[in-house]
Amino acid sequence: MSLVEIRGLTHVYSRGTPFEKTAVADLDLAIDRGQTMALIGHTGSGKSTLISHLNALLKPTAGTVLLDGEDIFASKASIRAARARVGVVFQYPEYQLFEETVYDDIAYGPKNMKLDTAEIDRRVRQAAAALGLDEAVFQQSPLELSGGQKRRAAIAGVLAMEPELLVLDEPTAGLDPAGREDLLRTLFAWRDERDATILLVTHDMSIAGRCGRVAVMADGRIVMDGTPAEVFARDGELASIGLALPDAAIIAGLLRDAGVALPPSLYTVDRLADAILALWAEKKEGGPC
Ligand SMILES: Nc1ncnc2c1ncn2[C@@H]1O[C@H](COP(=O)(O)OP(=O)(O)O)[C@@H](O)[C@H]1O
Ligand SMILES: [Mg+2]
């Protein structure tokens, strides 16, 4: 059984008004345990609306969301359970830090789960450590942290709930390339340590290329779903919905056009670099060119 199964999900905003908007339209999606899935799509395609149903922040206009086969909207208790099991980090989560100290902010979720103080403390320290936050900042106000630290504190607050499914909406938005890489590695390390499942909403195609599965949304629907290689092979269709290939794939294409014999599916910088180095090694063995 899939960890999450979304069946026929529709979400209509401002129904019955001139502003009515169908943001998610009769969408089916299943996410299996242990998957790292990227959700990509142009702005306005419905990604944030979709993920807001996974922890019951939004209620479906139609359709159901099942967690381990149980409808999360069945009762108040099931909504509560879903909020503990599915952690959602919304876009620019640092704007939602509001407690007096960093410690209290990270502890907010676990406190809501009614855990005892020792367990809350263990989780806060573990989540902060996972995100590279020094305990020296615990008693500071979140407002005193740097931008990058604020983002990390906000994410730590969700990790401290030890969710089975971690959903992140554009977690690297606004970070510089080094900060992006650092955060991504941190999240993947956290996942590996506990076999968690991750759904990552991203505009960054190179990040999508590092996930096991990529789903593409357009106009409230999933229009492609597969491995990065399968999805990125459909570059014409991606372009028609306003999505470009990862930079590495574009560069690989330019090199192929220039006659360089590169293998297919080079959509991460690491793979492209390896392929170029392999060509270089072949050339060297073959003697001077
Ligand atoms: N609170 C809201 N009220 C009305 N329309 C909304 C609201 N939030 C999003 N929308 C609309 O729903 C559509 C999908 O938005 P969203 O889920 O934010 O997409 P994405 O995250 O892919 O950018 C867009 O047309 C957006 O304008
Ligand atoms: Mg969004």
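A few points on the structure.

About the cut-offs
- Residues numbered from 1 in each chain as written.
- Chains lettered and ligands numbered in written order.
- Predicted model: local features only at pLDDT ≥ 70, side-chain atom pairs only at ≥ 80, totals over all residues.
- Heavy atoms only, no water.
- Near = heavy atom within 4 Å.
- Polar contact = N/O pair within 3.5 Å; in protein donor to acceptor, adjacent residues only side chain to side chain.
- Areas by Shrake-Rupley, 256 points an atom, 1.4 Å probe, with all protein chains shown as cover.
- Helix = DSSP H or I, 4+ residues; strand = E, 2+ residues; numbered from the N terminus.
- Nonpolar A, V, L, I, M, F, W, Y, C, P; charged D, E, K, R; others polar.
- Core = buried A, V, L, I, M, F, W, Y, C linked by side-chain atoms within 4.5 Å.
- Buried < 20%, exposed > 50% of the residue type's maximum accessible area, 1.4 Å probe, protein only.
- Contact = heavy atoms within 4.5 Å.
- Phe/Tyr/Trp six-rings, centres within 6.5 Å; stacked < 30°, edge-to-face > 60°.
- Lys NZ or Arg CZ within 6 Å of the ring centre and 35° of its normal.
- Pairing = 2+ DSSP bridges.
- Axes fitted to C-alpha atoms, helices over the stretch in contact; angles between N-to-C directions.
- Parallel < 35°, antiparallel > 145°, perpendicular 65-115°, else oblique.
- Left-handed = near helix turned anticlockwise from the far one by under 90°.

**Points about the site of ligand 1**
So, point 1. The environment of ligand 1 is formed by Tyr13, Lys21, Ala23, His42, Thr43, Gly44, Ser45, Gly46, Lys47, Ser48 and Thr49.
So, point 2. At a separation of 2.9 Å, an oxygen atom of ligand 1 approaches a polar side-chain atom of serine 48.
So, point 3. Within the side chain of threonine 49, an N or O atom sits 2.5 Å from an oxygen atom of ligand 1.
So, point 4. Within the complex, the protein chains bury 62% of what would otherwise be the 550 Å² of accessible surface of ligand 1.
So, point 5. The set of elements that each furnish at least two residues to the shell around ligand 1 consists of strand 2 (21-31) and helix 1 (47-51).
So, point 6. Ranked by the residues each element gives to the shell around ligand 1, the list is headed by helix 1, at three residues.
So, point 7. The residue makeup of the shell around ligand 1, split by class, is two nonpolar, seven polar and two charged.

**A short note on the nonpolar core**
So, point 1. If you look at the biggest cluster of nonpolar residues, it comprises 48 residues, and the most contacted ones within it are Ile106, Ile155, Leu166, Val216, Phe232 and Leu238.
So, point 2. In terms of residue count, helix 5 (residues 147-159) provides more of this core than any other element does, six residues in total.
So, point 3. If we skip the residues at most four places from it in the chain, leucine 238 touches Val216, Met224, Val231, Phe232, Leu243 and Leu245.
So, point 4. Ranked by size, the runner-up nonpolar core spans 28 residues in total, among them Leu9, Ile51, Val65 and Val201.

**Brief notes about the side chain of threonine 197**
So, point 1. Position of threonine 197 relative to the elements: it lies in strand 8 (residues 197-201).
So, point 2. Non-local contacts of threonine 197, meaning those with residues more than four positions away in its chain, are made with Leu3, Ile31, Asp32, Arg33, Gly34, Gln35, Glu164, Leu165 and Leu166.

**Comments concerning the side chain of serine 141**
So, point 1. Along the chain, serine 141 falls in the loop between helix 4 (117-130) and helix 5.
So, point 2. Take serine 141: its relative accessible area is 18%, and that puts it in the buried class.
So, point 3. With residues near it in sequence (within four places) discarded, serine 141 still touches Glu100, Thr101 and Val102.

**Notes on the packing of aromatic side chains**
So, point 1. For the coordinates displayed, the defined rule picks out four aromatic pairs.
So, point 2. Here the aromatic rings of phenylalanine 232 and tyrosine 267 are separated by 5.5 Å at their centres, their planes lie at 55 degrees, and the arrangement is tilted. In this pair, phenylalanine 232 is assigned in helix 8 (residues 228-232) and tyrosine 267 in the loop between helix 10 (247-257) and helix 11 (269-285), connecting sequence segments 35 residues apart. Judged on exposure class, the residue phenylalanine 232 and its partner tyrosine 267 are both buried.
So, point 3. Of note, arginine 191 hangs over the ring of phenylalanine 188, and the distance from its end group to the ring centre comes to 4.4 Å.

**Comments concerning unusual backbone geometry**
So, point 1. For aspartate 26, which is not glycine, the phi torsion reads 45 degrees and is therefore positive.
So, point 2. With phi around 50 degrees, glutamate 162 is a residue other than glycine that occupies positive phi space.
So, point 3. Looking at where glutamate 162 falls in the secondary structure, it is placed in the loop between helix 5 and strand 7 (165-169).
So, point 4. Judged by relative accessible area, which is 26%, glutamate 162 ranks as partly exposed.

**A few points about the pairing of strand 1 (residues 4-13)**
So, point 1. Taking burial as the measure, the 10 residues of strand 1 include seven buried ones, the bulk of the element.
So, point 2. Two elements, strand 1 and strand 2, share seven bridges in a ladder whose sense is antiparallel. By the bridge assignment, tyrosine 13 is partnered in strand 2 with lysine 21.
So, point 3. Of the strand pairs in this sheet, strand 1 and strand 4 (residues 62-67) are connected by five bridges, and their pairing is antiparallel. Note on strand 4: the bridge partner recorded for glutamate 5 is leucine 66.

**A look at the packing of helix 3 (residues 102-112) against helix 4**
So, point 1. For the pair helix 3 and helix 4, interaxial distance at closest approach is 9 Å and the crossing angle is 125 degrees. One finds that helix 3 runs oblique with respect to helix 4. In the crossing of helix 3 with helix 4, the sense of the turn from one axis to the other is right-handed. The residues of helix 4 that touch helix 3, namely those facing Tyr103, Ile106, Ala107, Pro110 and Lys111, are Ile120, Asp121, Val124, Arg125 and Ala128.
So, point 2. Here the residues of the contact of helix 3 with helix 4 are counted per class, giving seven nonpolar, no polar and three charged.

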